[in-house]
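# Architecture at a glance
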Amino acid sequence: MKNITVLLALLLVVSCNTSAQKQSKKKTFKVSKSDSEWKNQLSDMAYYVLRKGGTERAFSSELNANYKDGIYVCRACETPLFKSEHKFNSGTGWPSFDREIKGNVAYASGDPEGFYGIEEHCATCGGHLGHIFNDGPEHTTGKRHCINGVALKFIPKEQ
């Protein structure tokens, strides 16, 4: 069982460089930088996730357990992506939300019922965020936006 879990985790990490990243390389975004500019701006892990379509290790982000009031923005361009009021504990090890801020998250084609869901990226800079699945809270949207914490920056609500 442990070997199967490790294999599935490895497949998830290796296979995340899918259609959204390929599509985002073809599209011109409002915020566009050279590869070297992104490398200089982002940490190695943020670059790997946001620009190369990678996935951080589950339970590695401090944002996974963050339930403070505020807004989650794209780490690369600070576009508002998710509101704290829509965050929930999915138990998956990644920050999860039941809805996005409309117009700020873009989607690649994919299978919402499939193992990897549909890939999500920032509509402003094209950075890879994570995936959306149809196994979220039934009492709200039924969606689970499973997002890499390293792709996000949390801005607390001003008191």
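Everything numeric here is computed off the predicted structure, so don't read it as measured data.

The rules behind each value
- Residues numbered from 1 in each chain as written.
- Predicted model: local features only at pLDDT ≥ 70, side-chain atom pairs only at ≥ 80, totals over all residues.
- Heavy atoms only, no water.
- Phe/Tyr/Trp six-rings, centres within 6.5 Å; stacked < 30°, edge-to-face > 60°.
- Helix = DSSP H or I, 4+ residues; strand = E, 2+ residues; numbered from the N terminus.
- Buried < 20%, exposed > 50% of the residue type's maximum accessible area, 1.4 Å probe, protein only.
- Lys NZ or Arg CZ within 6 Å of the ring centre and 35° of its normal.
- pLDDT = per-residue confidence, 0-100.
- Contact = heavy atoms within 4.5 Å.

A few words on the packing of aromatic side chains. Under the definition given, this model contains three aromatic pairs. Ring centres 4.4 Å apart and planes at 15° place the aromatic pair F82 and F97 in the stacked group. Within this pair, whereas F82 is found in strand 2 (residues 80-83), its partner F97 is found in strand 4 (residues 96-97), the two being separated by 15 residues in sequence. Each member of the pair F82 and F97 is classed as buried. Here a set of aromatic residues connected by ring pairs shows up, and it is made of Y72, F82, F97 and F154. Between K33 and the ring centre of W38, over which it is positioned, the NZ or CZ distance is 5.1 Å. If you follow K87 out to its NZ or CZ, it ends over the ring of Y67, 4.1 Å from the centre.

Another point: the environment of G91. Of note, G91 is situated in the loop between strand 3 (87-88) and strand 4. Taking the C-alpha atoms as reference, G91 lies 9.9 Å from A58; in sequence the two are 33 residues apart.

With that settled, the discussion passes to the confidence of the model for the chain. For the chain, the mean per-residue pLDDT works out to 85, and 79% of the residues sit at or above 70. The model gives residues 1-24 a pLDDT under 50, and that stretch makes 37 contacts with residues more than four places away or in other chains.

Of all residues except glycine, most have a negative phi; of all peptide bonds, most are trans. A positive phi angle, close to 65°, is found at F59, a residue other than glycine. Secondary-structure assignment places F59 in the loop between helix 4 (44-52) and strand 1 (70-74). The residue E78 is not glycine, and still its phi comes out positive at about 65°.

The next thing to look at is helix 4. Owing to its 3.6 residues per turn, the α-helix brings residues three or four apart onto one side. The complete set of buried residues in helix 4 reads A46, Y47, V49, L50 and R51. The first or second residue beyond helix 4 is G53, which carries a positive phi of 75°.

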